[in-house]
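Chains, contacts and geometry: an overview
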Amino acid sequence: MRLDGRLTACAELVRPGSRLADIGTDHAHLPVYLVKNGVCPGAVASDIRPGPAAAARRSVEQAGLADKIEIRVGDGLAPLCPGECGDIVVAGMGGETIAAILSVPAWLRDGGVRLILQPMTRAEALHRFLLTGGFAIGAETVVRDGGHLYPVLAASYTGESLAAPSPAQCIIGGLGREGEAAAYLLKQRQILLKKAEGLRRADPGQAAACEETAAALERYLQA
């Protein structure tokens, strides 16, 4: 089984030997790949909808891994028991949705859990949640898949928070200044400048804020 670019990036952040939870698993491609290749000894694959969960179950059975990958139906992290999985992947959702999922279970803040997150949109909302909620952003990269750029990151709870991260910090997260990360940040800068242009007459204050954030991104890239 071959993974697409987004899921490959997620797979590369999973710790060898860790039991995996794949939230919103769809067809269970990621857990099948990781268990079949010996990266993870076992996994839980969950989805909120019975249809995708049934498709995941078929994938697992076809791979001969029904004894190692358990399929569950439920909302967010509700199907998981505290401590049963060391690495948790939440991929293919909006940043605000991922943040909402992570905000519910208190046991995530007990430490020891590695989160691998891949927001499709609103990555800045997810970054803000992590930075203000005591989670440290570790490795973060950007992958190009289907002509689009997507951040993929790992995070864990440390208890250390930023009280008021700037808009630029929330866009940057844990990204560096090179390769696809630079391309992603440049694109975000362009989006901000375009938004500022549209707001210049209707809301000059908001336009200026967008321009300020765009300038901060440019300074970061040039540092």
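Look up a bit, the structure's there.
Right, let's walk through the structure included here. (Residues numbered from 1 in each chain as written. Predicted model: local features only at pLDDT ≥ 70, side-chain atom pairs only at ≥ 80, totals over all residues. Heavy atoms only, no water.)

Quick look at the nonpolar core
Ile69 and Val89 are the most contacted members of the largest nonpolar core, which totals 29 residues. Considering every element that reaches this core, the biggest residue donor is helix H1 (residues 5–13), with five residues. Apart from residues lying up to four places away in sequence, Val89 is in contact with Cys10, Val14, Leu20, Ala21, Asp22, Ile23, Leu30 and Ile116. Listed in part, the 26 residues of the second largest apolar core include Ala21, Ala99, Leu108 and Leu153. (Core = buried A, V, L, I, M, F, W, Y, C linked by side-chain atoms within 4.5 Å. Buried < 20%, exposed > 50% of the residue type's maximum accessible area, 1.4 Å probe, protein only. Helix = DSSP H or I, 4+ residues; strand = E, 2+ residues; numbered from the N terminus. Contact = heavy atoms within 4.5 Å.)

Observations regarding the layout of surface pockets
Gaps between atoms show up when a probe of the same size as a water molecule is rolled over them. Volume-wise, the largest pocket comes out at about 650 Å³. Forming the walls of the largest pocket are 29 residues, and the residues nearest its centre are Arg122, Glu124, Ile171, Gln188 and Leu192. Every element with two or more residues in the lining of the largest pocket is listed here: helix H5 (123–132), strand E7 (148–157), helix H6 (167–172), helix H7 (179–199) and helix H8 (204–222). Class assignment of the residues belonging to the lining of the largest pocket gives a composition of 17 nonpolar, six polar and six charged. Space inside the second largest pocket adds up to approximately 270 Å³. In terms of lining, the second largest pocket is formed by 15 residues, of which the most central are Arg6, Leu7, Gly24, Thr25 and Asp26. Of all the secondary-structure elements, those providing two or more residues to the lining of the second largest pocket are H1, helix H2 (29–36) and strand E4 (87–93). (1 Å grid on protein atoms, 1.4 Å probe; cavity = no way out; pocket = protein on both sides within 12 Å on 5 of 7 lines; lining within 4 Å. Points joined across faces, edges and corners; volume = space filled by probe spheres on them. Nonpolar A, V, L, I, M, F, W, Y, C, P; charged D, E, K, R; others polar.)

Quick notes on the pairing of E7
Remember that side chains alternate between the two faces of the sheet whenever the strand is regular. Among the ten residues in E7, seven count as buried, and that is most of the element. Alignment of strand E5 (residues 114–119) against E7, held across three bridges, turns out to be antiparallel. Bridging from a neighbouring strand, Leu115 pairs with Ala155 of E7. In the sheet, strand E6 (residues 135–145) pairs with E7 via nine bridges, with the strands oriented antiparallel. When the bridges of E7 are listed, Phe135 appears paired with Tyr157. Adjacent in sequence and paired antiparallel, E6 and E7 are bridged by two residues, among which Gly146 carries a positive phi angle near 65°. (Pairing = 2+ DSSP bridges.)

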